[in-house]
Amino acid sequence: MKPPILAVVMSTVISGTIMVLISSHWLTIWIGFEMNMLAIIPILMKKFNPRAMEASTKYFLTQATASMLLMLGIIINLLLTGQWTVLNMPSPIASNMMTAALAMKLGLSPFHFWVPEVTQGVPMSSGMILLTWQKIAPLSILYQIAPSMNPNLLMAMATMSVLVGGWGGLNQTQLRKILAYSSIAHMGWMIAVTTYNPTLMLLNLTIYITMTLGTFMLFMLNSSTTTLSLSHTWNKLPLIASLILMTMLSLGGLPPLSGFIPKWMIIHELTKNDMAIMATFMAMTALLNLYFYMRLTYATALTMFPSTNIMKMKWQFESTKNTTLLPPLIMISTMLLPLTPMVLTLF
(Lines give C-alpha, C1' and ligand atoms only; values in the text may rest on other atoms or scores of the structure.)
Protein backbone atom coordinates (compact mmCIF):
# COMPACT_ATOMS: atom_id res chain seq x y z
CA MET A 1 0.00 0.00 0.00
CA LYS A 2 1.31 3.46 -0.95
CA PRO A 3 2.25 5.71 2.03
CA PRO A 4 -0.30 8.51 1.27
CA ILE A 5 -3.15 5.97 1.02
CA LEU A 6 -1.97 4.24 4.21
CA ALA A 7 -1.86 7.60 5.99
CA VAL A 8 -5.44 8.45 4.94
CA VAL A 9 -6.76 5.01 5.91
CA MET A 10 -4.95 4.98 9.27
CA SER A 11 -6.14 8.49 10.13
CA THR A 12 -9.73 7.40 9.39
CA VAL A 13 -9.34 4.37 11.68
CA ILE A 14 -7.94 6.58 14.45
CA SER A 15 -10.53 9.35 14.01
CA GLY A 16 -13.35 6.75 14.01
CA THR A 17 -12.19 5.41 17.38
CA ILE A 18 -11.66 8.91 18.81
CA MET A 19 -15.16 9.85 17.64
CA VAL A 20 -16.57 6.89 19.62
CA LEU A 21 -14.51 7.86 22.67
CA ILE A 22 -15.57 11.50 22.84
CA SER A 23 -19.24 11.19 21.83
CA SER A 24 -22.19 11.21 24.20
CA HIS A 25 -24.74 10.85 21.37
CA TRP A 26 -25.62 7.37 20.08
CA LEU A 27 -25.72 8.37 16.41
CA THR A 28 -22.18 9.82 16.39
CA ILE A 29 -20.95 6.73 18.28
CA TRP A 30 -22.48 4.51 15.61
CA ILE A 31 -20.97 6.64 12.81
CA GLY A 32 -17.55 6.37 14.54
CA PHE A 33 -17.85 2.55 14.62
CA GLU A 34 -18.76 2.50 10.91
CA MET A 35 -15.85 4.75 9.92
CA ASN A 36 -13.47 2.58 11.89
CA MET A 37 -14.83 -0.67 10.40
CA LEU A 38 -14.74 0.49 6.76
CA ALA A 39 -11.25 1.97 7.08
CA ILE A 40 -9.67 -1.07 8.76
CA ILE A 41 -10.55 -3.38 5.84
CA PRO A 42 -7.87 -2.02 3.44
CA ILE A 43 -5.35 -2.44 6.28
CA LEU A 44 -6.40 -6.08 6.71
CA MET A 45 -5.98 -6.62 2.95
CA LYS A 46 -2.59 -4.88 2.81
CA LYS A 47 -0.95 -7.98 1.34
CA PHE A 48 -3.57 -8.92 -1.19
CA ASN A 49 -4.15 -12.68 -1.36
CA PRO A 50 -7.19 -14.99 -1.14
CA ARG A 51 -6.64 -15.64 2.59
CA ALA A 52 -6.53 -11.93 3.46
CA MET A 53 -9.60 -11.35 1.30
CA GLU A 54 -11.50 -14.15 3.07
CA ALA A 55 -10.44 -12.84 6.49
CA SER A 56 -11.52 -9.28 5.60
CA THR A 57 -14.90 -10.54 4.36
CA LYS A 58 -15.45 -12.47 7.60
CA TYR A 59 -14.50 -9.40 9.60
CA PHE A 60 -16.77 -7.12 7.57
CA LEU A 61 -19.81 -9.42 7.87
CA THR A 62 -19.39 -9.87 11.63
CA GLN A 63 -18.85 -6.19 12.30
CA ALA A 64 -21.74 -5.17 10.02
CA THR A 65 -24.06 -7.56 11.92
CA ALA A 66 -22.84 -6.10 15.22
CA SER A 67 -23.43 -2.55 13.96
CA MET A 68 -26.95 -3.50 12.89
CA LEU A 69 -27.70 -4.98 16.35
CA LEU A 70 -26.24 -1.89 18.00
CA MET A 71 -28.44 0.38 15.89
CA LEU A 72 -31.47 -1.77 16.74
CA GLY A 73 -30.68 -1.37 20.46
CA ILE A 74 -30.20 2.40 19.99
CA ILE A 75 -33.57 2.73 18.19
CA ILE A 76 -35.41 0.71 20.89
CA ASN A 77 -33.83 2.95 23.52
CA LEU A 78 -34.80 6.05 21.51
CA LEU A 79 -38.43 4.90 21.22
CA LEU A 80 -38.65 4.29 24.98
CA THR A 81 -36.81 7.38 26.24
CA GLY A 82 -37.09 9.85 23.37
CA GLN A 83 -33.41 10.80 23.63
CA TRP A 84 -30.03 9.85 22.17
CA THR A 85 -27.86 10.19 25.29
CA VAL A 86 -25.63 7.27 26.24
CA LEU A 87 -26.16 7.28 29.99
CA ASN A 88 -29.96 6.96 29.98
CA MET A 89 -30.89 3.30 29.36
CA PRO A 90 -33.95 2.12 31.28
CA SER A 91 -34.88 -0.75 28.92
CA PRO A 92 -33.31 -4.19 29.55
CA ILE A 93 -34.05 -5.23 25.93
CA ALA A 94 -32.04 -2.32 24.50
CA SER A 95 -29.26 -2.86 27.03
CA ASN A 96 -28.99 -6.63 26.27
CA MET A 97 -29.03 -5.98 22.54
CA MET A 98 -26.21 -3.42 22.83
CA THR A 99 -24.21 -5.76 25.07
CA ALA A 100 -24.52 -8.53 22.43
CA ALA A 101 -23.49 -6.11 19.65
CA LEU A 102 -20.43 -4.89 21.57
CA ALA A 103 -19.52 -8.48 22.51
CA MET A 104 -19.61 -9.35 18.82
CA LYS A 105 -17.35 -6.39 18.02
CA LEU A 106 -14.89 -7.44 20.75
CA GLY A 107 -14.98 -11.14 19.89
CA LEU A 108 -16.30 -12.30 23.25
CA SER A 109 -17.62 -15.85 23.45
CA PRO A 110 -20.14 -17.02 22.04
CA PHE A 111 -19.37 -14.49 19.24
CA HIS A 112 -15.66 -15.33 19.17
CA PHE A 113 -15.42 -17.54 16.06
CA TRP A 114 -14.22 -14.77 13.75
CA VAL A 115 -11.26 -13.66 15.91
CA PRO A 116 -8.76 -16.53 15.32
CA GLU A 117 -9.75 -16.89 11.65
CA VAL A 118 -9.40 -13.20 10.81
CA THR A 119 -6.16 -12.78 12.81
CA GLN A 120 -4.62 -15.81 11.07
CA GLY A 121 -5.60 -14.63 7.57
CA VAL A 122 -4.13 -11.12 7.74
CA PRO A 123 -0.48 -9.91 7.96
CA MET A 124 1.21 -9.66 11.39
CA SER A 125 1.01 -5.84 11.54
CA SER A 126 -2.71 -5.84 10.66
CA GLY A 127 -3.33 -8.57 13.26
CA MET A 128 -1.58 -6.38 15.82
CA ILE A 129 -3.95 -3.45 15.10
CA LEU A 130 -6.94 -5.82 15.15
CA LEU A 131 -6.13 -7.23 18.60
CA THR A 132 -5.14 -3.94 20.24
CA TRP A 133 -6.54 -0.70 18.76
CA GLN A 134 -9.83 -2.27 17.66
CA LYS A 135 -10.70 -3.22 21.26
CA ILE A 136 -10.61 0.36 22.56
CA ALA A 137 -13.88 1.72 21.07
CA PRO A 138 -16.28 -1.12 22.09
CA LEU A 139 -14.76 -1.29 25.60
CA SER A 140 -15.18 2.47 26.05
CA ILE A 141 -18.93 2.09 25.33
CA LEU A 142 -19.17 -0.90 27.69
CA TYR A 143 -17.47 1.28 30.32
CA GLN A 144 -20.09 4.01 29.86
CA ILE A 145 -23.17 1.75 29.88
CA ALA A 146 -21.85 -0.62 32.60
CA PRO A 147 -24.41 0.40 35.30
CA SER A 148 -27.41 -0.42 33.09
CA MET A 149 -26.14 -3.79 31.80
CA ASN A 150 -27.32 -7.21 32.93
CA PRO A 151 -24.59 -8.56 35.29
CA ASN A 152 -25.65 -12.21 34.78
CA LEU A 153 -25.31 -11.92 31.01
CA LEU A 154 -21.86 -10.31 31.38
CA MET A 155 -20.70 -12.99 33.82
CA ALA A 156 -21.90 -15.78 31.51
CA MET A 157 -20.02 -14.26 28.58
CA ALA A 158 -16.91 -13.69 30.70
CA THR A 159 -16.94 -17.32 31.91
CA MET A 160 -17.32 -18.68 28.38
CA SER A 161 -14.62 -16.35 27.05
CA VAL A 162 -11.95 -17.34 29.59
CA LEU A 163 -12.77 -21.02 28.94
CA VAL A 164 -12.70 -20.70 25.15
CA GLY A 165 -9.56 -18.53 25.30
CA GLY A 166 -7.80 -21.20 27.35
CA TRP A 167 -9.02 -24.31 25.55
CA GLY A 168 -8.85 -22.94 22.02
CA GLY A 169 -5.17 -22.05 22.21
CA LEU A 170 -4.00 -25.42 23.56
CA ASN A 171 -3.77 -27.18 20.20
CA GLN A 172 -2.41 -24.28 18.15
CA THR A 173 1.00 -23.94 16.52
CA GLN A 174 0.25 -20.69 14.63
CA LEU A 175 1.37 -17.67 16.68
CA ARG A 176 -1.40 -15.37 15.42
CA LYS A 177 -4.10 -17.87 16.43
CA ILE A 178 -2.50 -18.29 19.87
CA LEU A 179 -2.54 -14.51 20.35
CA ALA A 180 -6.16 -14.37 19.13
CA TYR A 181 -7.26 -16.93 21.75
CA SER A 182 -5.20 -15.07 24.33
CA SER A 183 -7.14 -11.92 23.35
CA ILE A 184 -10.50 -13.72 23.86
CA ALA A 185 -9.40 -14.83 27.34
CA HIS A 186 -8.19 -11.32 28.28
CA MET A 187 -11.50 -9.83 27.09
CA GLY A 188 -13.26 -12.34 29.38
CA TRP A 189 -11.26 -11.05 32.37
CA MET A 190 -12.10 -7.45 31.47
CA ILE A 191 -15.83 -8.13 31.10
CA ALA A 192 -15.94 -10.06 34.40
CA VAL A 193 -14.92 -6.99 36.39
CA THR A 194 -16.96 -4.44 34.37
CA THR A 195 -20.03 -4.78 36.61
CA TYR A 196 -18.12 -4.26 39.87
CA ASN A 197 -15.31 -1.88 38.98
CA PRO A 198 -15.23 -0.59 35.36
CA THR A 199 -11.99 1.34 36.02
CA LEU A 200 -10.13 -1.95 36.56
CA MET A 201 -11.26 -2.91 33.07
CA LEU A 202 -9.33 0.12 31.74
CA LEU A 203 -6.23 -0.88 33.71
CA ASN A 204 -6.45 -4.41 32.30
CA LEU A 205 -6.95 -3.04 28.77
CA THR A 206 -3.90 -0.74 29.05
CA ILE A 207 -1.60 -3.53 30.27
CA TYR A 208 -3.05 -6.03 27.76
CA ILE A 209 -2.41 -3.62 24.87
CA THR A 210 1.23 -2.98 25.89
CA MET A 211 1.91 -6.72 26.32
CA THR A 212 0.28 -7.67 23.00
CA LEU A 213 2.05 -4.86 21.11
CA GLY A 214 5.39 -5.98 22.57
CA THR A 215 4.74 -9.64 21.66
CA PHE A 216 3.67 -8.84 18.10
CA MET A 217 6.69 -6.57 17.58
CA LEU A 218 9.06 -9.29 18.77
CA PHE A 219 7.44 -11.78 16.39
CA MET A 220 7.61 -9.28 13.51
CA LEU A 221 11.27 -8.50 14.24
CA ASN A 222 11.91 -12.22 14.05
CA SER A 223 9.56 -12.79 11.06
CA SER A 224 8.01 -15.71 12.95
CA THR A 225 4.47 -16.93 12.33
CA THR A 226 4.66 -20.50 13.70
CA THR A 227 6.11 -22.23 16.76
CA LEU A 228 8.62 -23.95 14.44
CA SER A 229 10.03 -20.68 13.04
CA LEU A 230 10.08 -19.26 16.57
CA SER A 231 12.15 -22.19 17.80
CA HIS A 232 15.06 -21.12 15.54
CA THR A 233 15.36 -17.80 17.41
CA TRP A 234 18.08 -19.03 19.80
CA ASN A 235 20.35 -19.52 16.80
CA LYS A 236 19.65 -16.10 15.23
CA LEU A 237 18.72 -13.65 17.99
CA PRO A 238 19.37 -15.10 21.48
CA LEU A 239 18.47 -11.83 23.25
CA ILE A 240 15.09 -11.73 21.47
CA ALA A 241 14.50 -15.35 22.61
CA SER A 242 14.85 -14.33 26.26
CA LEU A 243 12.64 -11.25 25.74
CA ILE A 244 9.94 -13.45 24.16
CA LEU A 245 10.16 -15.67 27.26
CA MET A 246 9.55 -12.66 29.54
CA THR A 247 6.64 -11.21 27.54
CA MET A 248 4.97 -14.62 27.17
CA LEU A 249 5.10 -15.28 30.92
CA SER A 250 3.79 -11.76 31.52
CA LEU A 251 0.85 -12.44 29.14
CA GLY A 252 0.19 -15.60 31.16
CA GLY A 253 0.01 -13.47 34.33
CA LEU A 254 2.93 -14.81 36.38
CA PRO A 255 3.62 -12.87 39.62
CA PRO A 256 6.87 -10.93 39.25
CA LEU A 257 5.72 -9.51 35.88
CA SER A 258 3.26 -6.78 34.83
CA GLY A 259 0.62 -9.23 33.57
CA PHE A 260 -0.02 -10.27 37.17
CA ILE A 261 -1.37 -6.81 38.18
CA PRO A 262 -4.77 -6.95 36.39
CA LYS A 263 -5.37 -10.60 37.33
CA TRP A 264 -4.52 -9.89 40.99
CA MET A 265 -6.76 -6.81 41.10
CA ILE A 266 -9.68 -8.52 39.32
CA ILE A 267 -9.55 -11.58 41.61
CA HIS A 268 -9.39 -9.21 44.61
CA GLU A 269 -12.41 -7.23 43.32
CA LEU A 270 -14.46 -10.37 42.61
CA THR A 271 -13.80 -11.89 46.05
CA LYS A 272 -14.70 -8.55 47.64
CA ASN A 273 -18.09 -8.77 45.89
CA ASP A 274 -18.82 -12.36 47.08
CA MET A 275 -17.83 -13.93 43.77
CA ALA A 276 -15.10 -16.16 45.20
CA ILE A 277 -16.19 -19.20 43.13
CA MET A 278 -16.02 -17.17 39.91
CA ALA A 279 -12.59 -15.81 40.89
CA THR A 280 -11.30 -19.34 41.62
CA PHE A 281 -12.68 -20.62 38.32
CA MET A 282 -11.05 -17.78 36.38
CA ALA A 283 -7.72 -18.30 38.12
CA MET A 284 -7.88 -22.00 37.17
CA THR A 285 -8.68 -21.27 33.52
CA ALA A 286 -5.73 -18.83 33.45
CA LEU A 287 -3.56 -21.95 33.91
CA LEU A 288 -4.72 -23.17 30.48
CA ASN A 289 -3.41 -19.95 28.94
CA LEU A 290 -0.21 -20.23 30.93
CA TYR A 291 0.27 -23.74 29.54
CA PHE A 292 0.34 -22.66 25.90
CA TYR A 293 2.55 -19.64 26.68
CA MET A 294 4.91 -22.01 28.50
CA ARG A 295 4.92 -24.27 25.44
CA LEU A 296 6.01 -21.33 23.29
CA THR A 297 8.72 -20.26 25.76
CA TYR A 298 9.93 -23.87 25.97
CA ALA A 299 10.27 -24.05 22.18
CA THR A 300 11.89 -20.60 21.99
CA ALA A 301 14.20 -20.13 24.92
CA LEU A 302 14.49 -23.33 26.94
CA THR A 303 15.54 -25.75 24.19
CA MET A 304 18.14 -25.54 21.46
CA PHE A 305 16.36 -26.56 18.28
CA PRO A 306 18.55 -28.55 15.81
CA SER A 307 20.04 -26.25 13.20
CA THR A 308 21.94 -26.79 9.96
CA ASN A 309 25.02 -24.72 10.85
CA ILE A 310 27.77 -25.89 13.19
CA MET A 311 28.22 -22.46 14.76
CA LYS A 312 26.26 -21.52 17.88
CA MET A 313 25.34 -18.22 16.23
CA LYS A 314 24.06 -17.69 12.70
CA TRP A 315 25.86 -15.07 10.62
CA GLN A 316 23.38 -12.49 9.31
CA PHE A 317 22.93 -8.97 8.04
CA GLU A 318 21.97 -6.11 10.33
CA SER A 319 18.19 -5.90 10.78
CA THR A 320 16.59 -2.91 9.06
CA LYS A 321 13.33 -3.13 11.00
CA ASN A 322 12.42 -0.18 13.19
CA THR A 323 12.47 -1.16 16.87
CA THR A 324 12.14 2.26 18.55
CA LEU A 325 9.02 1.33 20.52
CA LEU A 326 10.18 -2.15 21.50
CA PRO A 327 12.35 -1.33 24.59
CA PRO A 328 9.69 0.82 26.38
CA LEU A 329 6.93 -1.70 25.54
CA ILE A 330 8.96 -4.59 26.95
CA MET A 331 9.82 -2.57 30.06
CA ILE A 332 6.14 -1.75 30.68
CA SER A 333 4.92 -5.26 29.93
CA THR A 334 7.39 -6.92 32.32
CA MET A 335 8.54 -4.57 35.08
CA LEU A 336 5.42 -2.73 36.25
CA LEU A 337 4.58 -4.84 39.33
CA PRO A 338 6.58 -2.78 41.92
CA LEU A 339 4.65 0.30 40.74
CA THR A 340 1.23 -1.28 41.48
CA PRO A 341 0.27 1.27 44.21
CA MET A 342 1.01 4.15 41.82
CA VAL A 343 -0.87 2.44 38.97
CA LEU A 344 -3.88 1.97 41.28
CA THR A 345 -3.90 5.64 42.24
CA LEU A 346 -3.92 6.51 38.52
CA PHE A 347 -6.86 4.18 37.87
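Counting of residues starts from 1 at the beginning of each chain's written sequence and follows it residue by residue. Totals for whole chains, interfaces and linings use all residues, but because this is a predicted model, local features are given only for residues with pLDDT of at least 70 and pairs of side-chain atoms are given and counted only at 80 or more. Calculation of side-chain values draws on the structure's entire complement of heavy atoms; hydrogens and water are dropped beforehand.

**Observations concerning the overall build of the chain**
Runs of E in the DSSP output that reach at least two residues are strands. Runs of H or I that reach at least four are helices, and both are numbered from the N terminus. When its secondary structure is counted, the chain shows 17 helices and zero strands. When the backbone C-alpha atoms are referred to their principal axes, the chain occupies close to 75 × 50 × 35 Å. Burial analysis of the chain (347 residues in total) assigns 51% to the buried set. The contacts of the chain with a sequence gap of at least 6 include a subset with a gap of at least 24, amounting to 77%. Here the Shrake-Rupley method, with its probe set to 1.4 Å, supplies the accessible areas, and only the displayed protein chains count as covering residues. Roughly 15400 Å² of accessible area belongs to the chain as shown, and the carbon and sulfur atoms make up 73% of that amount. Working convention for charge: Lys and Arg count positive, Asp and Glu count negative, and His plus the chain ends are omitted. A charged residue contributes its charge at one atom only: NZ of Lys, CZ of Arg, CG of Asp or CD of Glu. Here the chain contributes 16 positively and 6 negatively charged side chains, and the mean placements of these two sets differ by 12 Å. Each residue's exposure class comes from its accessible area (1.4 Å probe, protein chains only) as a fraction of the maximum for that residue type: buried when under 20%, exposed when over 50%, partly exposed otherwise. Two residues form a contact once any of their heavy atoms are found within 4.5 Å.

**Points about the UniProt feature "domain: NADH:quinone oxidoreductase/Mrp antiporter transmembrane" (unreviewed entry) in the chain**
According to UniProt, the "domain: NADH:quinone oxidoreductase/Mrp antiporter transmembrane" (unreviewed entry) feature falls on residues 23-287. The annotated region residues 23-287 carries 77% helix and 0% strand content, and the separation between its end C-alpha atoms amounts to 39 Å. UniProt positions are given in the numbering used here, feature names are shortened, and annotations may be inferred rather than shown by experiment.

**Notes on the packing of aromatic side chains**
Stacked, tilted and edge-to-face pairs are distinguished by plane angle, under 30 degrees for stacked and over 60 for edge-to-face with tilted covering the rest, among Phe, Tyr and Trp rings (Trp via its six-membered ring) whose centres lie within 6.5 Å. Applying the stated criterion across every chain yields a total of three aromatic pairs. Taken together, a centroid distance of 5.8 Å and an interplanar angle of 10° make the contact between Phe260 and Trp264 stacked. Placement of the pair is Phe260 and Trp264 together in helix H14 (residues 260-272), with a separation of four residues, close to one helical turn. By relative accessible area, Trp264 is classed as partly exposed at 39%. Charge-over-ring placement is defined geometrically: NZ (Lys) or CZ (Arg) within 6 Å of the ring centre, and within 35 degrees of the ring normal. Geometry around Trp189 places Lys263 over its ring, the cationic atom sitting 5.0 Å from the centre.

**Let's talk about the environment of Ala52**
Within the secondary structure, Ala52 sits in helix H3 (residues 50-81). Note: C-alpha distance between Ala52 and Pro123 (71 residues apart in sequence) is 7.8 Å. If sequence neighbours within four positions are ignored, Ala52 has contacts with Leu44, Met45, Lys47 and Gly121.

**What about empty space enclosed by the protein?**
Throughout, the protein atoms alone are placed on a 1 Å grid, and a set of points is a cavity if a 1.4 Å probe fits but cannot get out or a pocket if it is open with protein on both sides within 12 Å along at least five of seven lines; lining residues have an atom within 4 Å of a point. Grid points are joined across faces, edges and corners, and a volume is the space filled by probe spheres set on the points. Here the structure, examined in full by the defined rule, presents four cavities of 30 Å³ or more. Taken as a whole, the largest cavity encloses approximately 90 Å³ of empty space. Thr17, Phe33, Asn36, Met37, Tyr59, Gln63, Lys105, Trp133, Gln134, Ala137 and Pro138 together form the lining of the largest cavity. Elements with a contribution of two residues or more to the lining of the largest cavity: helix H2 (26-44), H3 and helix H7 (136-145). The element that contributes the greatest number of residues to the lining of the largest cavity is H2, accounting for three residues.

**A closer look at the environment of Ile240**
Of note, Ile240 is situated in helix H13 (residues 238-252). Separated by 42 residues in sequence, Ile240 and Met282 place their C-alpha atoms 31 Å apart. Aside from chain neighbours lying at most four places away, what touches Ile240 is Leu218, Leu221 and Thr233.

**Describing the pattern of salt bridges**
Definition used for salt bridges: Asp or Glu carboxyl oxygen within 4 Å of a side-chain nitrogen of Lys or Arg. Under the definition given, this model contains four salt bridges. Here Lys58 and Glu117 are joined by a salt bridge, their closest N and O atoms 3.7 Å apart. Linking Lys58 in helix H3 with Glu117 in helix H5 (residues 114-121), this pair joins segments that are 59 residues apart in sequence. Residue classification places Lys58 among the partly exposed positions, given a relative accessible area of 30%. Glu269 is the salt-bridge partner of Lys272, the closest N and O atoms lying 3.6 Å from each other. Of this pair, Lys272 and Glu269 are both found in helix H14, three residues apart, which corresponds to roughly one turn of the helix. Judged by its relative accessible area of 53%, Lys272 falls in the exposed class. For Glu269, a relative accessible area of 9% gives the class buried.

**Remarks on helix H4 (residues 92-106)**
Here, expected helix span is obtained from the residue count minus one, scaled by 1.5 Å. Between its first and last C-alpha atoms H4 spans 21 Å; for 15 residues at 1.5 Å apiece the expected length is 21 Å, and the two agree. The buried fraction of H4 amounts to eleven of the 15 residues, a majority that puts the element mostly inside the structure. All of the buried residues in H4 are Ala94, Ser95, Met98, Thr99, Ala100, Ala101, Leu102, Ala103, Met104, Lys105 and Leu106. Those residues of H4 that are buried lie in contact with H2, H3, H5, H7, helix H8 (151-169) and helix H9 (175-194). The N-cap of H4, judged by a side-chain oxygen 3.2 Å from the amide nitrogen of Ile93 a few residues on, is Ser91. A positive phi of about 85° marks Gly107, the residue just after H4. Within 3.5 Å is the distance limit for a polar contact, defined as a pair of N or O atoms, with the added protein rule that one can donate a hydrogen and the other accept it, and that residues adjacent in sequence qualify only through two side-chain atoms.

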